[in-house]
Amino acid sequence: MPKLQGFEFWSCTLGGARHVVAPMVDQSELAWRLLSRRHGAQLCYTPMLHAQVFIRDANYRKENLYCDVCPEDRPLIVQFCANDPEVFVQAALLAQDYCDAIDLNLGCPQMIAKRGHYGAFLQEEWDLLQRMILLAHEKLSVPVTCKIRVFPEIDKTVRYAQMLEKAGCQLLTVHGRTKEQKGPLSGTASWEHIKAVRKAVAIPVFANGNIQCLRDVERCIQDTGVQGVMSAEGNLHNPALFEGRSPAVWELAEEYLDIVRQHPCPLSYVRAHLFKLWHHTLQVHQQLREELAKVKTLEGIAAVSQDLKLRCQEDISRQKEGEKPSGGLPFFHWICQPYFRPGPREGSKESGGARSKRALEEEEGSTDILSKNKQKKKLRNPHKTFDPSLKPKYAKCDQCGNPKGNRCVFNLCRGCCKKRAFKETADCPGHGLLFKTKLEKSLAWKGAQPRLQEPQQARPGEPGGFPEVVGSALA
């Protein structure tokens, strides 16, 4: 059967899917995908998989895809991160029989993607991306798709999308934020960028960003003209988003736990999902937050969820007529509803534009602007400070700028010192590098060894020589 492309692929293979669950690391596992499909999702993506690990590790393949085969879980797109055409295609060939398309992640903005050189940090390397998509399009039996983030400039974003289309991309998901828009600096996704891309390409386009309820989905399709809408955060807080419902949290929590019993997944995934679902309730009943964080079994998590349900029912019984939700929420805390990520403090706008997350955290030493990780460190060590002015000052390496060794004879860090000492056959006692000393000892040892006399070759017939060959023996 020939490989379907573009709109034919979207309408036939994907069933004209409009409601899409995003690829989410450790969050869009099989159990969650099945829950989402039961409540209006028409297409799901796997979590992002590392192509290199997928090739070399059979257990990784088994845990993340092969064991998750389920007839209900289709259509399904498998997403990989990669930065090498051959590696990407090898991983895709191992996965293509278990899905309907292969997606290349070009949208991850996290620091781990920067260190690994993948995701949104490839968006300037157009030649590499062309080769990756072209090779995958030629070698795979299923279509290749891409998920991207936008550039600040609309025209550059359009040219980027057209380049991917020309290389062989059959469906494009556009997240309307730049790679710098993340965490407290997320801001609002630009539907104008998405609309411009949709008008400029001849393949289906999915929109991603600013989706918190079904009205947002309908408005996005109307405003941008896209074929479908993808949701991540909105789906995690309300898996019934695509149904246009906001049910009681415990209804979906109990259904999800039942699915996990049939299709087990790591406990950390389950815990993370329950924290999202019960997010607003855990702001009210904070003592149960610690219990949910500490339990070690699935039944323990289910017990905490049941306790939260009972607390909510008690809150409902005490509710007064005409009472409105507190905390500026659209619904009472026991109802599935959007979570709006708090942005940076207003003061940062006055000081001249957006700043990095670290700059926001280090502005003061108070815990109200520290990251959760730093708050945990503060709890373990109350005397710990994150004030940059109190951090110890280190002299810098003359070459790379890292802290230099206090006793280094070259005034360098260990890495630079090792290279120089090796090149010059020198010692640096401060870093414990003794290239010169070891060479001198080696030469001294060789000089002290007695020379071995070369053994003389014995002639035939002599002791130790070859036996004489008798002429008649050869006859």
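The structure displayed is predicted, hence computed values, not measured ones.

What about the overall build of the chain?
Turning to step 1, where the next piece is worked out: For the chain, the count of helices and strands is 22 helices and eleven strands.
Turning to step 2, where the next piece is worked out: Residues classed as buried in the chain amount to 45% of the 475 residues present.
Turning to step 3, where the next piece is worked out: A separation threshold of at least 6 residues defines the contact pool for the chain, and within that pool the share at least 24 residues apart is 62%.
Turning to step 4, where the next piece is worked out: Entry remark: accessible area of the chain is about 26,000 Å², with carbon and sulfur atoms responsible for 52%.

A closer look at the pattern of salt bridges
Turning to step 1, where the next piece is worked out: With the rule as written, the count across this model stands at 16 salt bridges.
Turning to step 2, where the next piece is worked out: In this structure, D216 engages R219 in a salt bridge whose closest nitrogen and oxygen atoms are separated by 3.6 Å. Taken together, the residues span about one helical turn, with D216 and R219 both in helix 10 (residues 214-224) at a distance of three residues.
Turning to step 3, where the next piece is worked out: When its relative accessible area of 13% is taken as the criterion, D216 is described as buried.

Looking at the pairing of strand 7 (residues 172-175)
Turning to step 1, where the next piece is worked out: Judged by which residues are buried, strand 7 turns out to be covered on both faces: L172 and V174 on one side and T173 and H175 on the other are all buried.
Turning to step 2, where the next piece is worked out: With helix 8 (residues 154-167) bridging strand 6 (residues 144-149) and the parallel strand 7, this β-α-β connection has right-handed handedness.
Turning to step 3, where the next piece is worked out: Between strand 7 and its parallel partner strand 8 (residues 205-208), the chain crosses via helix 9 (residues 191-200), and the hand of that crossover is right-handed.

Looking at the packing of aromatic side chains
Ring pairs (aromatic) are described by centroid distance and by the angle formed between their planes.
Turning to step 1, where the next piece is worked out: In this structure the tally under the stated criterion is eleven aromatic pairs.
Turning to step 2, where the next piece is worked out: Between the aromatic rings of Y66 and Y98, the centroid separation amounts to 4.5 Å while the plane-to-plane angle is 25°, which identifies the pairing as stacked. Taken together, the residues Y66 in the loop between helix 4 (58-64) and strand 4 (76-81) and Y98 in the loop between helix 5 (85-95) and strand 5 (101-106) connect sequence positions 32 residues apart.
Turning to step 3, where the next piece is worked out: Take Y66: its relative accessible area is 26%, and that puts it in the partly exposed class.
Turning to step 4, where the next piece is worked out: Members of the aromatic cluster, connected to one another through ring pairs, are F54, Y60, Y66, F80 and Y98.

Structural notes on the pairing of strand 6
Turning to step 1, where the next piece is worked out: Of all six residues making up strand 6, six are buried, and the element is well covered by its neighbours.
Turning to step 2, where the next piece is worked out: Of the two faces of strand 6, the one carrying V144, C146 and I148 and the one carrying T145, K147 and R149 are both buried.
Turning to step 3, where the next piece is worked out: With five bridges connecting them, strand 5 and strand 6 associate as parallel partners. Of the residues in strand 6, the one forming a bridge with L106 is I148.
Turning to step 4, where the next piece is worked out: One ladder, built from four bridges, connects strand 6 with strand 7; its direction is parallel. Considered in strand 7, the bridge of K147 is made with T173.

Overview of the nonpolar core
Turning to step 1, where the next piece is worked out: In this structure, F80, I102, L164 and L172 are the most contacted members of the largest nonpolar core, which totals 109 residues.
Turning to step 2, where the next piece is worked out: Among the elements that take part in this core, helix 12 (residues 249-262) stands out by supplying eight residues, more than any other.
Turning to step 3, where the next piece is worked out: Once you skip the residues sitting within four places of it in the chain, L172 turns out to touch C146, I148, A161, L164, V197, I203, P204, V205 and F206.
Turning to step 4, where the next piece is worked out: Core analysis: the next-biggest nonpolar cluster, separate from the first, contains eleven residues, F410, C413, A421 and L433 among them.

A closer look at the packing of helix 8 against helix 9
Turning to step 1, where the next piece is worked out: The N-to-C vectors of helix 8 and helix 9 enclose an angle of 40°; their axes lie 9 Å apart at closest approach. Classified by the angle between their axes, helix 8 and helix 9 sit oblique to one another. Two packed elements cross with a definite hand, and for helix 8 against helix 9 that hand is right-handed. Of the residues in helix 9, those in contact with I154, T157, V158, A161, Q162 and E165 of helix 8 are E192, H193, A196, V197 and A200.

Thoughts on the environment of A161
Turning to step 1, where the next piece is worked out: Tracing the sequence through the fold places A161 in helix 8.
Turning to step 2, where the next piece is worked out: Other than its neighbours up to four places away in sequence, A161 contacts L172, V197 and V201.

As for unusual backbone geometry
Turning to step 1, where the next piece is worked out: Following R74, the chain continues into P75 via a peptide bond in cis, with omega recorded as 0°.
Turning to step 2, where the next piece is worked out: On the secondary structure map, P75 appears in the loop between helix 4 and strand 4.
Turning to step 3, where the next piece is worked out: Of note in this structure, D26 is not a glycine but carries a positive phi near 60°.
Turning to step 4, where the next piece is worked out: Residue position: D26 is located in the loop between strand 1 (19-21) and helix 2 (30-38).
Turning to step 5, where the next piece is worked out: The class of D26 is partly exposed, set by a relative accessible area of 37%.
Turning to step 6, where the next piece is worked out: Backbone geometry places N210, a non-glycine residue, at a positive phi of 70°.
Turning to step 7, where the next piece is worked out: Mapped onto the fold, N210 is located in the loop between strand 8 and helix 10.
Turning to step 8, where the next piece is worked out: Among the residues examined, N210 registers a relative accessible area of 22% and is labelled partly exposed.

A few points about helix 9
Turning to step 1, where the next piece is worked out: Among the residues of helix 9, W191, H193, I194, A196, V197 and R198 are the ones counted as buried.
Turning to step 2, where the next piece is worked out: Contacts from the buried residues of helix 9 go to helix 1 (6-13), helix 8, strand 7, strand 8 and helix 10.

Conventions adopted
Residues numbered from 1 in each chain as written. Predicted model: local features only at pLDDT ≥ 70, side-chain atom pairs only at ≥ 80, totals over all residues. Heavy atoms only, no water. Helix = DSSP H or I, 4+ residues; strand = E, 2+ residues; numbered from the N terminus. Buried < 20%, exposed > 50% of the residue type's maximum accessible area, 1.4 Å probe, protein only. Contact = heavy atoms within 4.5 Å. Areas by Shrake-Rupley, 256 points an atom, 1.4 Å probe, with all protein chains shown as cover. Salt bridge = Lys/Arg side-chain N within 4 Å of Asp/Glu carboxyl O. Right-handed = clockwise from strand over helix to strand, strands pointing away. Phe/Tyr/Trp six-rings, centres within 6.5 Å; stacked < 30°, edge-to-face > 60°. Pairing = 2+ DSSP bridges. Core = buried A, V, L, I, M, F, W, Y, C linked by side-chain atoms within 4.5 Å. Axes fitted to C-alpha atoms, helices over the stretch in contact; angles between N-to-C directions. Parallel < 35°, antiparallel > 145°, perpendicular 65-115°, else oblique. Left-handed = near helix turned anticlockwise from the far one by under 90°.

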